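# Examination of the molecular architecture
One-letter residues, chain by chain:
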Amino acid sequence: MSMSGLPVVKITNISKVFRMGDNELKALDDVSLDIEAGDFVAIVGPSGSGKSTLMHMIGILDTPDAGIVAIDGHSISGLDDDALSKLRARTIGFVFQQFNLLARTSASENVGLPMLYSGAPYDKTWAKKVLGAVGLGDRTDHTPSQLSGGQQQRVAIARALVNKPAIVLADEPTGNLDSQSERDILDILVQLNRAGITVVIVTHEAEVTQVARRVIRMRDGRIVSDERQEPKYIDGMKVQDQDLTQSFQLYDAPMPELTPGLQAQLRKARSYSSEALRSVTSNKIRSFLSILGIMIGVAAVIAMLGLGEGAKKSMENELSGLGSNLLVVWAGSSRTGLPGGGNPVRLYPDDVTALKSELNNVTALAPNVNGKAMVQFEEKTWNTSITGTTTEYVTLRSFVPDIGRNFTSEEENSRARVAIIGRTIVKNLFGDKDPIGAEIRINRIYFQVIGILPAKGSNGWQDRDDTVIVPLETAMRRVFGYETIQSIDIQVDKPENMPNVESQIKSMIQQRKRLSDEKLDDAVTVRNMADIQAAISSTNKIMSLLLSIIASISLLVGGIGVMNIMLVSVTERTREIGLRKALGATKLDILSQFLFEAALLGIIGGGLGVTLGWGTAKIAAVFTNWPFDVSPTVVAFVAGITAFVGIVFGFWPAKKAAALQPIQALKHE
Ligand code: ADP
Ligand code: MG
């Protein structure tokens, strides 16, 4: 605290001009003023005479166009915004006519705010003590809307005192109050002054002027008189009856120590988080609408990633189960990539026999035909796909029945009516009953169930358990009436023999069917697992690329939504920003506060999006039997990205907020 008698405010020849279009208005015209430490000064004068402007200069909320301002021995010229904020936080407590408390924030939190910016720990006990000193010890948890005007102004005074400033400035502090509240406020100011605090008050009212020891009159931006007086107290003021030596008890109590570095930063982070949460939740619908873009984008990405990832995994499982030396030959073009396209060659059983006997380096071979058929058991029917093939098929495709058995060569040759059924057929036709040995009908023909295929799940576009396997000729002659074979699985003894076997197959078919070189590719296709894997992974690459494009666009759109709402939020809270700066917040403090809010919006949008996308895909997976798989890494990554999007798109609005000048912001309507 400054010693009595020294100038705590030294103002020399300052001017302030406001320009409104072509008009120039000299709000302060060459004003000089010294205020000694411990004085009680009242500034009076008609409205528009420059009182508030002078007060803002003393409170370094604004800077003069010309002249020098020195506060507590520090000249303010050359200090940047942040240095001014720090000086303000340490030396000056400001009380405004319009209280300027933060809404939805308790009295003690309002009082603690300047401590956040000065680096003192937010000590609730201390804030409560200061509230007690202004007679509000029993109102510490009330929010401004739960307090009367007089009480709100007392909270504002407590806030001005919380950092134990050397000077308290009050601009018409009683202008909006009834006479009882006016006396309460003046009581506090007088007691403060007796404790050694310099008090400067702007007022209209003669009554209020009486309590000061020095009265400065202004007119048209100039000081017209400056007189000392014996203070007189208004009837009903408590200080009248009290011992004049009694000081404001508060100033004898020790204030919490300043906390260094990290601890203070953590405390700020905590405060910004709860501030962000308060801001987001107090505008629930608006916040929700602003994050809708991010939410939908993330949901779409998660759902598609999950399904894509699941399909890829099950495809990889399927392929790895098949081994790397399997060749698939199918009748039809390789260009369409699907069986049956182009100008397919007609493959008969005797072609297969020829291949089997003439091909070298082949260990197993399974021709097959496929088609749709109606399967019935008792009263139940089910439409499914039927594969007619030979005994080797289940081994080649790692599809050996895990219940019951495969059919035998005898059954194959005698066109026996035996069937191996997949798990989906069991589930849909048999329920709890035992299928082995049961009679089912396929396209009205009776078959005996001899085995059940192992569960394979879905590969993304088909349920591989929704299938029935029967002997080749049974399917061709009895079920479908086919003459030709659609494809042949061929197992080669060693991977290095694959190219050789591939060309043997092609040349044999070309010879047997008398095909020209040009027609061969249209008539038959030979694929190995490496080809199929490559085709799948290139499809996956295209999928991922599309997904990233969708994700980027939706995050861009979502980010713009956040930016938009942050701009609105900054505009709406201009006064609050001005207030925070007046209480000592630096640019970084304001920037951080708004970035926390933007990041929070991003994270909430991401979180809801993950939940929505995950839920939707999970439900879709249950109904369609699609595989679905989302790794926690993906979720964490998405959360990080959305926070990042929030920060990137919140940066400009936050920077706008941080750049606001305290006094302009405070005057904002
Ligand atoms: P008062 O003595 O009533 O507190 P002020 O110091 O607020 O007066 O204002 C002094 C003069 O400056 C007034 O005429 C006012 O209209 C003008 N003024 C104050 N702030 C601004 C501003 N931001 N822009 C333009 N004119 C202003
Ligand atoms: Mg004013």
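For the structure itself, consult the block above.
Residues numbered from 1 in each chain as written. Chains lettered and ligands numbered in written order. Predicted model: local features only at pLDDT ≥ 70, side-chain atom pairs only at ≥ 80, totals over all residues. Heavy atoms only, no water.

### Re the overall build of the chain
Quick reminder of the rule: The numbering of helices and of strands both runs from the N terminus, where a helix is a DSSP run of H or I of at least 4 residues and a strand a run of E of at least 2. This radius of gyration counts C-alpha atoms alone. The globule rule is 2.2 Å times how many residues there are, raised to the power 0.38. Accessibility here uses a 1.4 Å probe with only protein chains present; expressed as a share of the type maximum, an area under 20% marks a residue as buried, one over 50% as exposed, and anything in between as partly exposed. Here a residue-residue contact requires only that any non-hydrogen atoms of the pair lie within 4.5 Å. When charges are counted, Lys and Arg are positive and Asp and Glu negative, with His and the chain ends excluded. In this description, the location of a charge corresponds to atom NZ of lysine, CZ of arginine, CG of aspartate or CD of glutamate.
The helix and strand inventory of the chain stands at 21 helices and 20 strands. Relative to the compact-globule value of 26 Å for 669 residues, the chain shows a C-alpha radius of gyration of 43 Å, a clear excess of over 25%. Counting only C-alpha atoms, the chain reaches 130 × 55 × 40 Å along its principal axes. Across the 669 residues in the chain, those meeting the buried criterion constitute 52%. Considering only contacts within the chain whose residues lie at least 6 apart along the sequence, 77% involve residues at least 24 apart. For the chain, the centre of its 69 positive side-chain charges and the centre of its 71 negative side-chain charges are spaced 2 Å apart.

### Brief notes about the site of ligand 1
Heads up, the condition is: Any residue with a heavy atom positioned within 4 Å of a molecule or strand is treated as near that molecule or strand. Side-chain atoms alone can form a polar contact between residues adjacent in sequence; in general such a contact is a pair of N or O atoms within 3.5 Å, and within protein one must be able to donate a hydrogen while the other accepts it. Methods summary: accessible areas were calculated by the Shrake-Rupley approach with a probe of 1.4 Å, and residue burial reflects only the protein chains presented. The residue classification treats Ala, Val, Leu, Ile, Met, Phe, Trp, Tyr, Cys and Pro as nonpolar and Asp, Glu, Lys and Arg as charged. All others, Gly included, are polar.
Close to ligand 1 lie 13 residues, the nearest being Gly 48, Lys 51, Ser 52, Thr 53 and Lys 667. At 3.2 Å from an oxygen atom of ligand 1 is found a main-chain nitrogen or oxygen belonging to Ser 49. Considering ligand 1 on its own, with 560 Å² of exposed area, one finds that the protein chains cover 71% of that surface. Of all the elements in the fold, those that place two or more residues in the shell around ligand 1 are strand E1 (7-20), strand E2 (23-36) and helix H1 (51-58). Counting residues per element, the shell around ligand 1 draws most heavily on H1, at three residues. Residue composition of the shell around ligand 1, grouped by class: five nonpolar, six polar and two charged.

### Details of helix H14 (residues 472-480)
The complete set of buried residues in H14 reads Leu 472, Thr 474, Ala 475, Met 476, Val 479 and Phe 480. Looking at the buried residues of H14, the elements they touch are helix H10 (349-358), strand E12 (362-377), strand E13 (380-389), strand E16 (439-442), strand E17 (445-452) and strand E18 (467-471). With its phi angle positive at about 70°, Gly 481 sits one or two positions after the end of H14.

### A few points about the packing of aromatic side chains
Stated formally: Ring pairs are drawn from Phe, Tyr and Trp, using the six-membered ring of Trp, whenever the two centres fall within 6.5 Å, and their geometry is named by plane angle: stacked under 30 degrees, edge-to-face over 60, tilted for the rest.
The full count for this structure, using the stated rule, is four aromatic pairs. Centroid distance Phe 377 to Phe 430: 4.1 Å. Interplanar angle 35°. Geometry classified as tilted. Placement of the pair is Phe 377 in strand E12 and Phe 430 in helix H13 (residues 423-430), with a sequence separation of 53 residues. For Phe 430, a relative accessible area of 2% corresponds to the buried category.

### Some points on the side chain of Ser 290
Relative to the helices and strands, Ser 290 is located in helix H9 (residues 284-322). On the basis of relative accessible area, Ser 290 is assigned to the buried category, the value being 6%. Of the polar contacts made by the side chain of Ser 290, one reaches the backbone oxygen of Ser 287; its length is 2.8 Å. Once you skip the residues sitting within four places of it in the chain, Ser 290 turns out to touch Gly 558, Gly 561, Val 562, Ile 565 and Leu 601.

### What to know about unusual backbone geometry
Positive phi, normally seen in glycine, also occurs at Arg 104, with a value near 55°. Within the fold, Arg 104 resides in the loop between strand E6 (92-95) and helix H3 (107-118). In the Ramachandran plot, Asn 361 falls in the positive-phi region, its phi being about 60° despite a non-glycine side chain. As for its position among the elements, Asn 361 is in the loop between H10 and E12.

### A word on the nonpolar core
Taken as a class, soluble globular proteins show a tendency for nonpolar side chains to be buried jointly. Selection rule: By nonpolar core we mean a set of buried residues, namely Ala, Val, Leu, Ile, Met, Phe, Trp, Tyr and Cys, connected to one another through side-chain atoms within 4.5 Å.
Ranked by internal contacts, the top residues of the largest apolar core, which has 74 residues, are Leu 54 and Ile 58. If we skip the residues at most four places from it in the chain, Leu 54 touches Ile 11, Ile 14, Leu 28, Val 31, Leu 33, Ile 43 and Met 218.

### A few points about H10
To keep it simple, the criterion reads: Within this analysis, the arc is defined by the directions that extend from the helix axis to the C-beta atoms.
Taken together, the buried positions of H10 are occupied by Asp 351, Val 352, Ala 354 and Leu 355. The arc that holds every buried residue of H10, seen down its axis, measures 160°, which confines them to one face. For H10, exposure combined with an orientation more than 90 degrees from the buried face picks out Thr 353 and Ser 357. Looking at the buried positions of H10, the neighbouring elements they touch are E12, strand E19 (487-492) and helix H15 (498-513).

### Topic: the environment of Thr 12
Within the secondary structure layout, Thr 12 lies in strand E1. A sequence separation of 57 residues divides Thr 12 from Val 69, and the C-alpha atoms of the two residues are 6.5 Å apart. When neighbours within four sequence positions are excluded, Thr 12 is seen to be in contact with Val 31, Ser 32, Gly 67 and Ile 68.

In short, shape yes, function no, at least from these values alone.
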